[in-house]
Amino acid sequence: MTDKNKIIIIGSDHGGFEMKEFIKENLINNGYKIKDIGTHSTESVDYPDFIHPVAKAINDNKNELGIIFCGSGNGAQMTANKYNNVRAALCWTEEQAKLCRMHNNANIISIPGRFIDLELGLKMVKIFLTTDFEGGRHIQRVNKISQIS
Ligand code: RB5
(Lines give C-alpha, C1' and ligand atoms only; values in the text may rest on other atoms or scores of the structure.)
Protein backbone atom coordinates (compact mmCIF):
# COMPACT_ATOMS: atom_id res chain seq x y z
CA MET A 1 0.00 0.00 0.00
CA THR A 2 1.51 3.32 -1.05
CA ASP A 3 1.75 5.99 1.62
CA LYS A 4 -0.37 8.86 0.27
CA ASN A 5 2.22 11.33 1.55
CA LYS A 6 4.74 10.00 -0.92
CA ILE A 7 4.93 11.84 -4.21
CA ILE A 8 4.02 9.81 -7.28
CA ILE A 9 5.95 10.97 -10.30
CA ILE A 10 4.21 10.82 -13.67
CA GLY A 11 5.17 11.58 -17.27
CA SER A 12 3.98 10.94 -20.80
CA ASP A 13 4.27 11.91 -24.42
CA HIS A 14 1.33 13.08 -26.53
CA GLY A 15 0.19 9.46 -27.05
CA GLY A 16 -0.35 9.05 -23.32
CA PHE A 17 -1.44 12.60 -22.52
CA GLU A 18 -5.20 11.99 -22.27
CA MET A 19 -4.70 8.92 -20.06
CA LYS A 20 -2.19 10.79 -17.87
CA GLU A 21 -4.59 13.66 -17.30
CA PHE A 22 -7.49 11.31 -16.49
CA ILE A 23 -5.46 9.30 -14.00
CA LYS A 24 -3.78 12.35 -12.48
CA GLU A 25 -7.11 14.03 -11.75
CA ASN A 26 -8.52 10.88 -10.18
CA LEU A 27 -5.46 10.30 -7.99
CA ILE A 28 -5.39 13.92 -6.81
CA ASN A 29 -9.11 13.66 -5.95
CA ASN A 30 -8.26 10.57 -3.92
CA GLY A 31 -5.59 12.30 -1.86
CA TYR A 32 -2.43 11.28 -3.70
CA LYS A 33 0.39 13.77 -4.19
CA ILE A 34 1.50 13.93 -7.83
CA LYS A 35 4.50 15.48 -9.54
CA ASP A 36 3.69 15.80 -13.26
CA ILE A 37 6.76 16.07 -15.49
CA GLY A 38 4.58 16.62 -18.60
CA THR A 39 3.87 16.65 -21.43
CA HIS A 40 1.10 19.17 -21.01
CA SER A 41 -0.73 18.97 -24.35
CA THR A 42 -1.42 16.69 -27.32
CA GLU A 43 1.31 18.38 -29.37
CA SER A 44 3.76 15.80 -30.74
CA VAL A 45 6.86 15.36 -28.55
CA ASP A 46 9.61 12.78 -28.04
CA TYR A 47 8.73 10.41 -25.17
CA PRO A 48 12.31 10.10 -23.79
CA ASP A 49 12.29 13.83 -22.97
CA PHE A 50 9.52 13.21 -20.43
CA ILE A 51 10.28 9.67 -19.31
CA HIS A 52 13.97 10.17 -18.44
CA PRO A 53 13.17 12.70 -15.67
CA VAL A 54 10.59 10.34 -14.15
CA ALA A 55 12.96 7.36 -14.28
CA LYS A 56 15.90 9.35 -12.92
CA ALA A 57 13.82 10.48 -9.95
CA ILE A 58 12.73 6.90 -9.17
CA ASN A 59 16.27 5.64 -9.72
CA ASP A 60 17.60 8.14 -7.17
CA ASN A 61 14.84 7.56 -4.62
CA LYS A 62 14.12 3.86 -4.39
CA ASN A 63 11.03 4.25 -2.22
CA GLU A 64 9.03 6.26 -4.72
CA LEU A 65 6.68 5.00 -7.44
CA GLY A 66 6.17 6.34 -10.95
CA ILE A 67 3.56 6.14 -13.69
CA ILE A 68 4.55 6.59 -17.31
CA PHE A 69 2.48 6.67 -20.49
CA CYS A 70 2.98 6.69 -24.22
CA GLY A 71 0.90 5.38 -27.13
CA SER A 72 1.96 1.74 -26.84
CA GLY A 73 3.66 1.88 -23.44
CA ASN A 74 6.74 0.36 -25.05
CA GLY A 75 8.90 3.41 -25.68
CA ALA A 76 8.21 4.71 -22.19
CA GLN A 77 9.05 1.36 -20.57
CA MET A 78 12.22 0.90 -22.65
CA THR A 79 13.46 4.35 -21.68
CA ALA A 80 12.76 3.91 -17.98
CA ASN A 81 14.42 0.51 -17.81
CA LYS A 82 17.77 2.01 -18.80
CA TYR A 83 18.16 2.96 -15.14
CA ASN A 84 19.64 0.36 -12.79
CA ASN A 85 17.23 0.85 -9.92
CA VAL A 86 14.16 1.11 -12.12
CA ARG A 87 11.84 -1.83 -12.72
CA ALA A 88 9.24 -0.51 -15.16
CA ALA A 89 6.41 -2.87 -16.08
CA LEU A 90 4.29 -2.51 -19.20
CA CYS A 91 0.78 -3.52 -18.17
CA TRP A 92 -2.35 -4.26 -20.19
CA THR A 93 -4.47 -6.04 -17.60
CA GLU A 94 -5.36 -5.72 -13.93
CA GLU A 95 -3.63 -9.02 -13.20
CA GLN A 96 -0.38 -7.80 -14.74
CA ALA A 97 -0.56 -4.66 -12.61
CA LYS A 98 -0.93 -6.83 -9.50
CA LEU A 99 1.78 -9.34 -10.42
CA CYS A 100 4.36 -6.70 -11.35
CA ARG A 101 4.18 -5.41 -7.79
CA MET A 102 3.85 -8.79 -6.02
CA HIS A 103 6.54 -10.67 -7.94
CA ASN A 104 8.78 -8.05 -9.59
CA ASN A 105 8.59 -5.18 -7.10
CA ALA A 106 8.01 -2.89 -10.07
CA ASN A 107 8.50 0.75 -9.15
CA ILE A 108 7.09 2.20 -12.37
CA ILE A 109 4.00 1.14 -14.31
CA SER A 110 3.94 1.86 -18.03
CA ILE A 111 0.48 2.36 -19.54
CA PRO A 112 -0.36 2.10 -23.27
CA GLY A 113 -2.58 5.15 -23.66
CA ARG A 114 -3.77 4.28 -27.18
CA PHE A 115 -4.62 0.61 -26.61
CA ILE A 116 -6.71 0.41 -23.46
CA ASP A 117 -9.62 2.50 -22.21
CA LEU A 118 -9.26 5.13 -19.54
CA GLU A 119 -11.13 3.16 -16.88
CA LEU A 120 -8.89 0.10 -17.27
CA GLY A 121 -5.83 2.35 -17.04
CA LEU A 122 -7.13 3.82 -13.81
CA LYS A 123 -7.97 0.39 -12.36
CA MET A 124 -4.46 -0.84 -13.13
CA VAL A 125 -2.89 2.20 -11.50
CA LYS A 126 -5.01 1.78 -8.35
CA ILE A 127 -3.96 -1.87 -8.13
CA PHE A 128 -0.33 -0.92 -8.72
CA LEU A 129 -0.43 1.65 -5.92
CA THR A 130 -2.11 -0.62 -3.38
CA THR A 131 -0.31 -3.92 -3.93
CA ASP A 132 2.81 -4.79 -1.94
CA PHE A 133 5.86 -6.78 -3.00
CA GLU A 134 5.49 -10.36 -1.81
CA GLY A 135 9.19 -10.82 -1.00
CA GLY A 136 10.20 -14.40 -0.20
CA ARG A 137 11.43 -16.35 -3.22
CA HIS A 138 11.09 -13.23 -5.39
CA ILE A 139 13.76 -11.25 -3.54
CA GLN A 140 16.76 -12.97 -5.03
CA ARG A 141 15.19 -12.96 -8.49
CA VAL A 142 14.56 -9.24 -8.37
CA ASN A 143 18.06 -8.66 -7.03
CA LYS A 144 19.49 -10.46 -10.06
CA ILE A 145 17.73 -8.20 -12.60
CA SER A 146 20.33 -5.46 -12.62
CA GLN A 147 23.36 -7.72 -12.22
CA ILE A 148 24.82 -7.28 -15.69
CA SER A 149 28.48 -7.29 -16.63
C1 RB5 B 1 3.99 8.35 -30.61
O2 RB5 B 1 3.38 8.44 -31.84
C3 RB5 B 1 4.25 6.89 -30.25
O4 RB5 B 1 5.23 6.36 -31.08
C5 RB5 B 1 4.65 6.77 -28.81
O6 RB5 B 1 3.63 7.29 -28.01
C7 RB5 B 1 4.88 5.38 -28.28
O8 RB5 B 1 3.88 4.50 -28.65
C9 RB5 B 1 6.23 4.83 -28.49
O10 RB5 B 1 6.57 3.73 -28.02
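Quick note: structure is the one above.
Rules used throughout
- Residues numbered from 1 in each chain as written.
- Predicted model: local features only at pLDDT ≥ 70, side-chain atom pairs only at ≥ 80, totals over all residues.
- Heavy atoms only, no water.
- Pairing = 2+ DSSP bridges.
- Helix = DSSP H or I, 4+ residues; strand = E, 2+ residues; numbered from the N terminus.
- Axes fitted to C-alpha atoms, helices over the stretch in contact; angles between N-to-C directions.
- Contact = heavy atoms within 4.5 Å.
- Near = heavy atom within 4 Å.
- Polar contact = N/O pair within 3.5 Å; in protein donor to acceptor, adjacent residues only side chain to side chain.
- Areas by Shrake-Rupley, 256 points an atom, 1.4 Å probe, with all protein chains shown as cover.
- Nonpolar A, V, L, I, M, F, W, Y, C, P; charged D, E, K, R; others polar.
- Salt bridge = Lys/Arg side-chain N within 4 Å of Asp/Glu carboxyl O.
- Core = buried A, V, L, I, M, F, W, Y, C linked by side-chain atoms within 4.5 Å.
- Buried < 20%, exposed > 50% of the residue type's maximum accessible area, 1.4 Å probe, protein only.

**Focus: the sheet that holds strand β1 (residues 7-12)**
Thought 1: Sheet architecture is open: five strands sit in the order β2-β1-β3-β5-β4, paired in parallel fashion. Either end of the sheet is taken by a strand with one partner, and the two such strands are β2 (33-36) and β4 (88-90). Averaged over all neighbouring strand pairs, the angle between strand axes comes to 25 degrees, with direction disregarded.
Thought 2: Taken strand by strand, helix α5 (residues 118-130) contacts β1, β3 (66-70) and β5 (108-112), and its axis lies near 170 degrees from that of β5.

**Considering the site of the ligand**
Thought 1: Within the structure, the ligand sits among D13, H14, Y47, C70, G71, S72, G75 and R114.
Thought 2: S72 is positioned such that a nitrogen or oxygen atom in its backbone is 2.9 Å from an oxygen atom of the ligand.
Thought 3: Within the side chain of R114, one N or O atom sits 3.2 Å away from an oxygen atom of the ligand.
Thought 4: When the free accessible area of the ligand is taken as 290 Å², the share hidden by the protein chains comes to 70%.
Thought 5: Residue classes in the shell around the ligand are distributed as two nonpolar, four polar and two charged.

**So, the environment of I127**
Thought 1: Mapped onto the secondary structure, I127 falls in helix α5.
Thought 2: Along the sequence, I127 and L99 sit 28 residues apart, while their C-alpha atoms lie 9.7 Å from each other.
Thought 3: For I127, the residues in contact, after removing those within four places along its chain, are E94, A97 and K98.

**Some details on the pattern of salt bridges**
Thought 1: What the rule picks out here adds up to six salt bridges.
Thought 2: With a closest N to O distance of 2.9 Å, D36 and K20 form a salt bridge. One end of the pair, D36, is in strand β2; the other, K20, is in helix α1 (residues 17-29), with 16 residues separating them in the sequence.
Thought 3: A salt bridge links D36 to K24; its shortest N-O distance comes to 2.8 Å. One end of the pair, D36, is in strand β2; the other, K24, is in helix α1, and twelve residues separate them in sequence.

**Some details on the nonpolar core**
Thought 1: By size, the foremost hydrophobic cluster in this structure holds 23 residues, and its most contacted members are I67, I109, I111 and L129.
Thought 2: Broken down by secondary-structure element, the contributors of at least two residues to this core are β1, α1, β3, α4 (94-102), β5 and α5.
Thought 3: Per-element tally for this core: the top contributor is α5, with six residues.
Thought 4: Apart from the residues within four sequence positions on either side, I67 is in contact with I8, I9, I10, G11, L27, I109, I111 and V125.
Thought 5: Counting 13 residues, the second largest nonpolar core, distinct from the first, contains I9, I58, C70 and A88.

**A few points about the side chain of S12**
Thought 1: Mapping S12 onto the fold places it in strand β1.
Thought 2: Using a relative accessible area of 0% as the deciding quantity, one classes S12 as buried.
Thought 3: Filtering out sequence-adjacent residues up to four positions away, S12 remains in contact with F17, K20, G38, T39, F50, I51 and F69.

**Describing the pairing of β3**
Thought 1: In terms of burial, β3 is a largely internal element, five of the five residues being buried.
Thought 2: Where burial is concerned, the two faces of β3 agree: the one with G66, I68 and C70 and the one with I67 and F69 are both buried.
Thought 3: For β1 and β3, the ladder comprises four bridges, and the chain directions are parallel. Note on β3: the bridge partner recorded for I10 is I67.
Thought 4: Here β3 runs beside β5; their pairing, made up of five bridges, is parallel.

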